[in-house]
Amino acid sequence: MALSFRLATPADALHLTSLINTSFRNDPTTDVFLSPSHEGIDVTSLPEMEAIISDPSKTTILATVPNPSDAAEKMVGHCSVRLLDDKNKPSMAWFGMLAVDISSQGQGVGSQLLKYAEWYARTELKATRMEFDVVWTRKGLIDWYKSMGYSETGETRAFPYDRHAGWESVLRGDLGFLLMEKELV
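The chain is annotated in an unreviewed UniProt entry as Acyl-CoA N-acyltransferase of Podospora fimiseda.

(A) Region of interest: the overall build of the chain. The helix and strand tally for the chain stands at four helices and seven strands. Of the regular secondary structure in the chain, the N- to C-terminal order runs β-α-α-β-β-β-α-β-α-β-β. With respect to the three principal axes, the spread of C-alpha positions in the chain is 45 × 45 × 30 Å. In the chain, which comprises 185 residues, the proportion classed as buried is 40%. Expressed as a percentage of contacts within the chain between residues at least 6 apart in sequence, the contacts between residues at least 24 apart total 66%. Carbon and sulfur atoms make up 54% of the accessible area of the chain, which totals about 9,700 Å². Across the chain, the centroid of the 18 positively charged side chains sits 5 Å from that of the 25 negatively charged ones.

(B) Structural detail: the pattern of salt bridges. Taken as a whole and assessed by the stated rule, the structure comprises ten salt bridges. One salt bridge in this structure joins Arg 157 and Asp 133, with 3.8 Å as the shortest N-O distance. Of this pair, Arg 157 sits in strand 6 (residues 151–158) while Asp 133 sits in strand 5 (residues 129–135), and the two are 24 residues apart along the sequence. In this structure Asp 133 comes out as partly exposed when scored by relative accessible area, which is 24%.

(C) Fine view of the sheet that holds strand 4 (residues 92–100). Read from one edge to the other, the open sheet built from seven strands follows the order 1-2-3-4-5-7-6, with strand pairing classed as mixed. Bordering the open sheet on either side are strand 1 (4–7) and strand 6, each of which pairs with just one other strand. On average, each strand axis in the sheet is tilted by 30° relative to the strand beside it, whichever way the strands run. The sheet contact formed by strand 5 and strand 7 (residues 176–183) spans seven bridges and is antiparallel. Along strand 7, the bridge assignment pairs Glu 131 with Glu 181.

(D) Layout of the nonpolar core. Judged by nonpolar contacts, the single largest core of 28 residues is most densely connected at Val 81, Phe 95, Met 130, Tyr 145 and Tyr 150. Elements supplying a minimum of two residues to this core: strand 2 (58–66), strand 3 (73–83), strand 4, helix 3 (109–123), strand 5, helix 4 (139–147) and strand 7. In this view, Phe 95 contacts Cys 79, Ser 80, Val 81, Leu 114, Ala 117, Met 130, Glu 131, Phe 132 and Tyr 145; residues no more than four positions away in its chain are not counted. Counting residues in each nonpolar core, the second largest holds ten residues, with Ala 8, Leu 16, Ile 53 and Leu 62 among its members.

(E) How the structure looks around the pairing of strand 3. Taken together, the nine bridges between strand 2 and strand 3 define a ladder with antiparallel strand orientation. Counterpart to Pro 66 in the pairing with strand 3 is Glu 73. With antiparallel pairing between neighbouring strands as the criterion, strand 2 and strand 3 make up a hairpin whose turn holds six residues. Two elements, strand 3 and strand 4, share six bridges in a ladder whose sense is antiparallel. By the bridge assignment for strand 4, Gly 77 is matched with Val 100.

Reading guide: rules and limits
- Residues numbered from 1 in each chain as written.
- Predicted model: local features only at pLDDT ≥ 70, side-chain atom pairs only at ≥ 80, totals over all residues.
- Heavy atoms only, no water.
- Helix = DSSP H or I, 4+ residues; strand = E, 2+ residues; numbered from the N terminus.
- Buried < 20%, exposed > 50% of the residue type's maximum accessible area, 1.4 Å probe, protein only.
- Contact = heavy atoms within 4.5 Å.
- Areas by Shrake-Rupley, 256 points an atom, 1.4 Å probe, with all protein chains shown as cover.
- Lys, Arg positive; Asp, Glu negative; His and termini not counted.
- Charge placed at Lys NZ, Arg CZ, Asp CG, Glu CD.
- Salt bridge = Lys/Arg side-chain N within 4 Å of Asp/Glu carboxyl O.
- Pairing = 2+ DSSP bridges.
- Axes fitted to C-alpha atoms, helices over the stretch in contact; angles between N-to-C directions.
- Core = buried A, V, L, I, M, F, W, Y, C linked by side-chain atoms within 4.5 Å.

Written out as structure tokens, the structure reads:
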């Protein structure tokens, strides 16, 4: 699938919120959720997306294709990138919230979007490395990131259960994050 890339604007927030929530709900596994049905579970909200897009320290990247039904583009993927403000990790970019529209999954959108995010971090942010965290129970996703050149750092982080009210009936209780990174050459 041939993609175009652009930076998100505040006008994209509503559509992005829907794309991200639908994408994460489409996970048929129990890697994160207690059951394979994730109806009504939201990963983000419109106010959160508006704040992320408006934050000058973050870059929200969209992947689009022409929409065959009209002259507008169709948004098929999203991710965010920012330069870390960490004295211990100079020139390190942070990658997050990779989401692909469910009708476009399995067509290479995620890998193209990740490669574009790496290019953006290297050329626009002058980063030499990229890192992110992934839920450690998502073995298939971890393997995919490894196939894209990322490796585990050995560092882990606690899962923010406090951000998810009522999580006990929806999310697994053994979640945490595994940190992964890649040199950007």
